[in-house]
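# Structure assessment
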Amino acid sequence: MKRVLQSIAARSTIWVPYFWLLLLFLAPFLMVVKLSVSEPAIAQPPYLPAMDFWDGPPGWWEDIRQFSISNYIFIMEDSLYWKSYLSSLRIAIIATSLTLLIGYPLAYGMARAPRAWRPTLLMLVILPFWTSFLIRVYAWIGILKKEGLLNQFLLWLGVIGEPLTILNTNIAVYIGIVYSYLPFMVLPLYANLEKQDVSLLEAANDLGCTNRQAFWKVTWPLSLPGVIAGCFLVFIPTVGEFVIPSLLGGSDTLMIGRTLYDEFFQNRDWPVSSAVAVILLLILIVPIMLFQRSEGRAKEREQ
Amino acid sequence: MKFLAKSMVLPAIAVALTCVAQAQERVVNVYNWSDYIDESILGEFTKETGIKIVYDVFDSNEILETKLLAGGTGYDVVVPSGTFLARQIQAGVFQPLDMSKLPNAKHLWAEIQRRTDAYDPGQKHSINYMWGTTGIGYNVKAVKERLGGEITSWDVFFDPEKLAKLQDCGIHVLDAPAEIIPAALNYLGKNPDSKDADELKQAAALLQTVRSSVQKFHSSEYINGLANGDICLAVGWSGDIFQARDRAAEADAGVEVGYSIPEQGALMWFDQMAIPSDANNVDEAHEFLNYIMRPDVIAKASNYVYYANGNQASTALLDKDVVEDPAIYPDAETLAKLYVTTPWGARNQRLVNREWTRIKTGQ
């Protein structure tokens, strides 16, 4: 009896994560999919069919027959949407590369710092999270605007003769994204680099590698899982980013998060905005699956 | 065990007591625009009626509408603007007002009533809280330097050459097609409330010609922008621009903000108080509306927010710098030039929004 109970308990622990996924991912996603095949209406809620749970199966079937994919066709036909997707992907790729370029040396420096310093350095990376994300992005407005700190500093240095227009351009968006997501790049990289065995580098040196060669032949390949993890942690939220482009970007900064916001709030078209969200998810699933495959392969290699 | 029982009974009694207290406490949940009331009014209402106010604020019609359409907001009084109100009434979001509970409605201003009829036929669902115009706010000194005078006409915005002269000092425009497209239609000599697709496209084309000079389409940043002198022209809401003017005067950093209702006329907008169909405290909500319509109360609100209200009896109680400011209370001649608009149908709405995105992003 006790053993049966134990095995049930063991099995149910396996089911906990599935239940979690079902509750927090699949159920909301299905609701969004359902919305995306509905039609907008001037009503409360603003779409048809509303699909009341209490209608029972016959009522549901009646509602399901009204579903249509016209919203998806609409999105395909208007160039705005795919241009927004492309522009978001481009901004996300550039921003992720920049974050890697800045984050890698940072993580490397932290991992090679004296052991006693490391907790402090790690703390400094995490420290910005103690202030609200929104406030930190707002602060950049003060730094980047025409009479802002950056321009005043550059003018004082004499590097520029006239204040630069940075705020409300794509450059400001890149600065905002790199700043906000840098910790997500640094932390996995640091975790990886810190665990690496320094004696491997010594061995490489003994075998005739210069320090640079040793880095590219030993440290870099070993750090790839950290690089990939960091890049995905930055890339995926950046594609759908809304706050940074709307606060720091110009009116012509095209990102899918903003297009979706306009569709939802300005057009009041919940169905089309849901369709936009479903396609965004499909676009993001591909890199996530690639990521998981590379993770799986890395694990196999370790074994 | 005894201890356990005791420790459970006491909190249970406490909970029961607070429930009774709550059942007796009368509450009204109000959802209004941010920075839109003299807060002492809320305290005085509670003192007089014993009804507690839970006051919450929003900063865009779109946010309010999304909440209302999703339903179950828990608010008893909300304050949408005219065109939004009209659509929300159609969607069945609001309940008809019980006029027998609103004796102060007799103070309302017939002229404003007549104009809000376009949104709420017969004023069955709403009362006017404040009204104002959508005009041009500007930095007086910067504009004088570049254009040699004050702003009196929409030319400064819709003439690409004139607007380009102000480009270097910063131009913001409301991110709200329902405010800007009618102004363009009016400037072209068309009916600002036109529902004709071709005319709407012409208005969008006109805006496209001035697009390159506009720094940002945003519905609130211009308040700080004007006040700090970061921008020199904004097409925006009258009261927001007055707020910028006051902040600039307080800061005393040499920035003077002006507001113009251009000679071609401007859009007149109305913020209306209404009660959602699913409100829980309907009686309290009516009492709140009735209180707001008391001339001395609404006068106090206007004196604080620098907007005109729809209450004729309050005019005598207003501060001189409010009631005598033609930018707030326009004279009869200007008032005649102000126009109202009604909501676009679903098809035109999509057309306009698509054009608006094209104007903003070039896509």
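All of these numbers come straight from a predicted model, not from anything done at the bench. (Residues numbered from 1 in each chain as written. Chains lettered and ligands numbered in written order. Predicted model: local features only at pLDDT ≥ 70, side-chain atom pairs only at ≥ 80, totals over all residues. Heavy atoms only, no water.)

### Remarks on the domain arrangement of chain B
All names here are of chain B.
- Each assigned domain of chain B is listed with its residue range as follows: domain 1 (27-131 + 270-329) and domain 2 (133-268 + 341-361).
- Computed over C-alpha atoms only, the centres of domain 1 and domain 2 are separated by 26 Å.
- Contacts between domain 1 and domain 2 engage 16 residues on the former and 17 residues on the latter.
- Both faces combined, the contact of domain 1 with domain 2 buries some 1,400 Å², and carbon together with sulfur accounts for 58% of it.
- It is Y306, Y307 and A327 in domain 1 that bury the most area against domain 2; as a group they hold 33% of the surface buried on that side.
- Counting every contact that joins domain 1 to domain 2 gives 1 salt bridge.
- D325 is the salt-bridge partner of R245, the closest N and O atoms lying 3.5 Å from each other.
- Between domain 1 and domain 2 we count 4 residue pairs in polar contact (both at pLDDT 80 or more) in total.
- Listed by contribution, the elements that provide at least two residues to the side of domain 1 that touches domain 2 are α4 (82-90) and α5 (110-116).
- Of all the elements, α4 adds the most residues to the side of domain 1 that touches domain 2, at 3 residues.
- A class-by-class count of the residues in the side of domain 1 that touches domain 2 yields 11 nonpolar, 1 polar and 4 charged. (Domains from an automatic or database assignment. Contact = heavy atoms within 4.5 Å. Buried area = accessible area lost by both parts, 1.4 Å probe. Salt bridge = Lys/Arg side-chain N within 4 Å of Asp/Glu carboxyl O. Polar contact = N/O pair within 3.5 Å; in protein donor to acceptor, adjacent residues only side chain to side chain. Helix = DSSP H or I, 4+ residues; strand = E, 2+ residues; numbered from the N terminus. Nonpolar A, V, L, I, M, F, W, Y, C, P; charged D, E, K, R; others polar.)

### Focus: the domain arrangement of chain A
- Domains assigned within chain A are domain 1 (1-30), domain 2 (37-68) and domain 3 (73-302).
- For domain 1 of chain A versus domain 2 of chain A, the separation of C-alpha centres amounts to 31 Å.

### Here's the deal with the packing of aromatic side chains
- Scanning the model with the defined rule gives 34 aromatic pairs over all chains in all.
- Here A:Y104 and A:W220 contribute two aromatic rings whose centre-to-centre distance is 5.4 Å and whose plane-to-plane angle is 55°, an arrangement assigned as tilted. Of this pair, A:Y104 sits in helix α4 (residues 79-112) while A:W220 sits in helix α10 (residues 211-239); the two residues are 116 residues apart in sequence, bridging distant segments of the chain.
- On the basis of relative accessibility, which here comes to 8%, the residue A:Y104 falls in the buried class.
- For the ring pair B:F217 and B:W356, a centre distance of 5.3 Å and an interplane angle of 80° mean the geometry is edge-to-face. With B:F217 in strand β6 (residues 216-217) and B:W356 in helix α17 (residues 346-361), this residue pair connects regions lying 139 residues apart in the sequence.
- A relative accessible area of 7% places B:F217 in the buried class. (Phe/Tyr/Trp six-rings, centres within 6.5 Å; stacked < 30°, edge-to-face > 60°. Buried < 20%, exposed > 50% of the residue type's maximum accessible area, 1.4 Å probe, protein only.)

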